[in-house]
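# Structural description and commentary
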Amino acid sequence: MLIALKNFLTVLPNPKCIEEVLTVAFYQLANIDMDSCRWLLRNHYYLMPEMDVLYLAKAFAIAKLENCGFVYGKDFQFDYQDKLQLNERAKRRLLQDNCTVNSLLLEKILQIHN
């Protein structure tokens, strides 16, 4: 079904538009059905190349941590498996005040399994 959706979206003018539609749908799905959203995170390759959820997760985490004054390479970093490594203070701050989809994205890069 996901493949059919992606094929349907090819009528949009460019790949960026497809990415935007998929991103909005992903964010809405997180609020409607967390289990399906978690499945998509585990099987994120189905959204590639139009949407890279790992990139979304990493970008969110980096932006939030840097906005809170944490330094990449000192307070946090990603390992070779894209798992986020961070000190406890940074982890506490990162996990505070997130919407549903951002919490799910963080589960992915922190490799929290619910």
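Worth saying up front: this structure is predicted, and the values here are computed from it rather than measured.

Taken together, the side chains of Ile3, Trp39, Tyr45, Tyr46 and Met48 define a hydrophobic patch exposed on the protein surface, amounting to about 480 Å² of accessible area. Inspection of the secondary structure puts tryptophan 39 in helix 3 (residues 34-42). Judged by its relative accessible area of 39%, tryptophan 39 is partly exposed.

To continue, consider the packing of helix 4 (residues 53-67) against helix 6 (residues 100-110). Where helix 4 contacts helix 6, the axes come no closer than 9 Å and their chain directions differ by 100°. Classified by the angle their axes make, helix 4 and helix 6 are roughly perpendicular. Across from Val53, Leu54, Leu56, Ala57, Lys58, Phe60 and Ala61 in helix 4, the residues of helix 6 making contact are Asn102, Leu105, Leu106, Lys108 and Ile109. For the contact of helix 4 with helix 6, the residue count by class is nine nonpolar, one polar and two charged.

To continue, consider the side chain of lysine 64. Within the secondary structure, lysine 64 is located in helix 4. A polar side-chain atom of lysine 64 sits 3.1 Å from the main-chain carbonyl oxygen of leucine 94. When residues no more than four places from it in sequence are discounted, the contact partners of lysine 64 are Arg93, Leu94, Gln96, Asp97 and Asn98.

Time to look at the packing of helix 2 (residues 15-32) against helix 3. Two numbers describe how helix 2 lies on helix 3: the axes approach to 6 Å, and their chain directions differ by 135°. Our classification of the angle between helix 2 and helix 3 gives oblique. Where helix 2 approaches helix 3, its residues Phe26, Leu29, Ala30 and Ile32 are matched on the opposing element by Met34, Ser36, Cys37, Leu40 and Leu41. Grouping the constituent residues of the contact of helix 2 with helix 3 by class yields eight nonpolar, one polar and no charged.

Let's shift gears to the packing of aromatic side chains. Applying the stated criterion across every chain yields a total of four aromatic pairs. Taking the centre distance of 5.5 Å and the plane angle of 20° together, the rings of tryptophan 39 and tyrosine 46 count as stacked. Assessed through its relative accessible area of 31%, tyrosine 46 is described here as partly exposed. Their ring planes at 35° and their centres at 4.9 Å tell us that tyrosine 45 and tyrosine 46 sit as a pair that is tilted. In textbook terms, an aromatic cluster arises when at least three aromatic residues are bridged by ring pairs, as seen for Trp39, Tyr45 and Tyr46.

Here glutamate 20 shows up in helix 2. Owing to a relative accessible area of 43%, glutamate 20 belongs among the partly exposed residues under this scheme. Between the alpha carbons of glutamate 20 and glutamine 111 there is a distance of 25 Å; along the sequence they are 91 residues apart.

Glancing now at the side chain of asparagine 102. Structurally, asparagine 102 is set in helix 6. Apart from residues lying up to four places away in sequence, asparagine 102 is in contact with Tyr27 and Phe60.

Reading the values: rules and limits
- Counting starts from 1 at the beginning of each chain's written sequence and moves along it residue by residue.
- Local features in this predicted model are restricted to residues of pLDDT 70 or higher, and side-chain atom pairs are both shown and tallied only at a pLDDT of 80 or more, whereas totals for entire chains, interfaces and linings draw on every residue.
- Side-chain measures here rest on the full set of heavy atoms in the structure, leaving out hydrogens and waters.
- Residues enter patches when they are more than 30% accessible in relative terms and free of salt bridges; like-charged ones are connected within 9 Å and nonpolar ones (Val, Leu, Ile, Met, Phe, Trp, Tyr) within 5 Å.
- The Shrake-Rupley method, run with a 1.4 Å probe sphere, supplies the accessible areas, and residue values consider only the shown protein chains as cover.
- Here, a salt bridge means any Lys or Arg side-chain nitrogen found within 4 Å of an Asp or Glu carboxyl oxygen.
- Where helices and strands are cited, they refer to DSSP runs of H or I of at least four residues and of E of at least two residues respectively, numbered from the N terminus.
- Each residue is assigned to one of three classes by its accessible area relative to the maximum for its type, calculated with a 1.4 Å probe on protein chains only: buried under 20%, partly exposed between the two thresholds, exposed over 50%.
- The axes are straight lines fitted to the C-alpha atoms, using for helices just the contacting stretch, and the angles between their N-to-C directions are given from 0 to 180°.
- Reported orientations rely on four angle classes, namely roughly parallel under 35 degrees, roughly antiparallel over 145, roughly perpendicular from 65 to 115, and oblique for the rest.
- Any two residues whose heavy atoms approach within 4.5 Å are treated as being in contact.
- Gly falls in the polar group here, along with every residue not listed as nonpolar (Ala, Val, Leu, Ile, Met, Phe, Trp, Tyr, Cys, Pro) or charged (Asp, Glu, Lys, Arg).
- N or O atoms closer than or at 3.5 Å make up a polar contact, with two conditions inside protein: a donor-capable atom paired with an acceptor-capable one, and, for residues adjacent in sequence, both atoms drawn from side chains.
- Centre distance within 6.5 Å is the pairing criterion for rings of Phe, Tyr and Trp, where only the six-membered ring of Trp is used; planes under 30 degrees apart are then read as stacked, over 60 as edge-to-face, and the remainder as tilted.

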